[in-house]
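Summary of structural features
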Amino acid sequence: MLFRSFTFSWYCLIAIISTGAHSAVDNKAPVLTFTAIPDQDQQQLKLRFQQVADYLSATLQVKVNYIPVKSYAAAITAFRNNQVQLAWFGGLSGVRARQLVRGSQAIAQGVEDTKFKSYFIAHHSVNIAPTKDFPLGIINKTFTFGSKGSTSGRLMPEYYIRQALKAAPKELFKTVGFSGDHSLTITQVAAGAYQVGVVNYKVWHSMLDAGKIDLKKVQVIWQTPEYTDYQWTIRGDLDSKFGVGFAAKVQRALLAIKDPQLLKQFPRSGFIKAENQDYAAIKKTAISLDLLQP
């Protein structure tokens, strides 16, 4: 009886030691951390990217954390400082991040991101009718972009403004603002805080479908030509941390996202391969507007 009790205690001790050792190994396992540009309200972003974290963790068999940031610049800084190894960037923020981190690569983009566009929107009081041509009626109105670092909320709209009107925004509008994100741009124009603004077309349709836009107060008056925008970008040193082939494994996992609910959160119909060269036009445009150093 004493021997059996001793044996049982011995096996319990081994189990405890083994469990402890296993936990110690788990605690030392590398963690994949990612972020995303804050292009709309935080509640929507948290819902979207926590689902991505859960999906990647299960698919890659590693711990995956999503950390929110307060600005486009903060997302780029976190990527540069290796606080995050993966990020969902816009076209311009991705170009900036890859320029700062040697070897980083664009690996996936939404199907719709190859043909992205921006909407110019106006408060009902300005009486600007929707048009297929650039809306000249926006001159001398109060105007807001989104974030200063946004591709769809600043870079490309400013490019088309300068192209059509041959002048800088500050020379054309009574006031030029930067709301910080697309959701807030829509809210501010709808409230009349600004007469005209420009937004990501995906955020517009998402808010419209959710019943958050009153078309009696604000409407789309013009859409830009198409351009390439959002993408997932990964650091080039990831394989040294997680093992050879891990970056490719992350890319395959992103391309394999099929869950309709998860895709709806972006919203995208799916993801396809991307590479740095896809954003050469964005880089060229940013340099031409002095928003990026060559």
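These figures come from a predicted structure and were not determined experimentally.

Turning our attention to the overall build of the protein. Broken down by element type, the protein carries 12 helices and 11 strands. Each principal axis of the C-alpha atoms in the protein carries an extent, and together these give about 95 × 40 × 30 Å. A buried classification covers 50% of the 294 residues belonging to the protein. Counted over contacts in the protein with a minimum sequence separation of 6, partners at least 24 positions apart contribute 78%. Per element, the accessible surface of the protein, about 14700 Å² overall, is 55% carbon and sulfur.

With that settled, consider the confidence of the model for the protein. As a note on interpretation, predicted positions should not be read in detail where pLDDT is low. The share of residues in the protein with pLDDT of 70 or more is 91%, and the mean pLDDT across the chain is 91. In the predicted structure, residues 1-25 sits below a pLDDT of 50 and forms 0 contacts with residues beyond four places in sequence or in another chain.

Let us now look at the sheet that holds strand E6 (residues 142-145). Spatially, E7-E6-E8-E5-E9 is the arrangement adopted by the 5 strands of the open sheet, whose pairing is mixed. The open sheet has two free edges, formed respectively by strand E7 (175-178) and strand E9 (218-223), since each of these has just one partner strand. Neighbour-to-neighbour, the strand axes of this sheet turn through a mean angle of 30 degrees, independent of strand direction. Judged from the 5 bridges that link them, strand E5 (residues 118-123) and E9 form a sheet pairing that is antiparallel. Looking at E9, one finds that Ile121 is bridged to Val220. On top of the sheet, helix H7 (residues 182-191) reaches E5, E6, strand E8 (196-200) and E9; it is set at about 150 degrees to E8, its chief contact. Here helix H8 (residues 201-209) sits on the sheet and contacts E5, E8 and E9; the angle it forms with E8, its principal contact strand, is near 95 degrees.

To continue, consider unusual backbone geometry. Most peptide bonds take the trans form, and the phi angle of most residues other than glycine is negative. In the segment running from Phe266 into Pro267, the intervening peptide bond is cis, with an omega of -15 degrees. Within the element layout of this structure, Pro267 appears in the loop between helix H11 (260-265) and strand E11 (271-273). Its identity as a non-glycine residue notwithstanding, Gln61 has a phi of 60 degrees, on the positive side. For Gln61, the location among the structural elements is in the loop between helix H2 (42-60) and strand E2 (63-66). For Gln61, a relative accessible area of 65% translates into the label exposed. Positive phi outside glycine occurs at Lys166, with the angle close to 55 degrees. As for its placement among the helices and strands, Lys166 is situated in the loop between helix H5 (151-165) and helix H6 (169-172). A relative accessible area of 68% means that Lys166 is categorised as exposed.

Right, let's get into the sheet that holds strand E3 (residues 86-89). Taken in spatial order, the 6 strands make up an open sheet running E2-E1-E3-E10-E4-E11, and their pairing is mixed. The open sheet is flanked by E2 and E11, the only strands paired with a single partner. Each strand of the sheet is rotated relative to its neighbour by a mean of 25 degrees, with strand direction disregarded. For strand E4 (residues 105-110) and strand E10 (residues 231-234), the ladder comprises 3 bridges, and the chain directions are antiparallel. Residue pairing across strands places Ala108 opposite Trp232, the latter belonging to E10. Packing of H2 onto the sheet brings it into contact with strand E1 (31-36), E2, E3 and E10, and relative to E2 it is tilted by some 170 degrees.

Moving on, we get to the pairing of E8. Note on strand geometry: in a regular strand, side chains alternate between the two faces of the sheet. Where burial is concerned, most of E8 is hidden: 5 out of the 5 residues are buried. Note: E5 against E8, 5 bridges, orientation antiparallel. Looking across to E8, one finds that Phe120 is bridged to Val198. In this sheet, E8 lies alongside E6 in parallel orientation, the contact comprising 2 bridges. Within the sheet, the bridge partner assigned to Thr144 lies in E8 and is Gly197.

About the thresholds
- Residues numbered from 1 in each chain as written.
- Predicted model: local features only at pLDDT ≥ 70, side-chain atom pairs only at ≥ 80, totals over all residues.
- Heavy atoms only, no water.
- Helix = DSSP H or I, 4+ residues; strand = E, 2+ residues; numbered from the N terminus.
- Buried < 20%, exposed > 50% of the residue type's maximum accessible area, 1.4 Å probe, protein only.
- Contact = heavy atoms within 4.5 Å.
- Areas by Shrake-Rupley, 256 points an atom, 1.4 Å probe, with all protein chains shown as cover.
- pLDDT = per-residue confidence, 0-100.
- Pairing = 2+ DSSP bridges.
- Axes fitted to C-alpha atoms, helices over the stretch in contact; angles between N-to-C directions.

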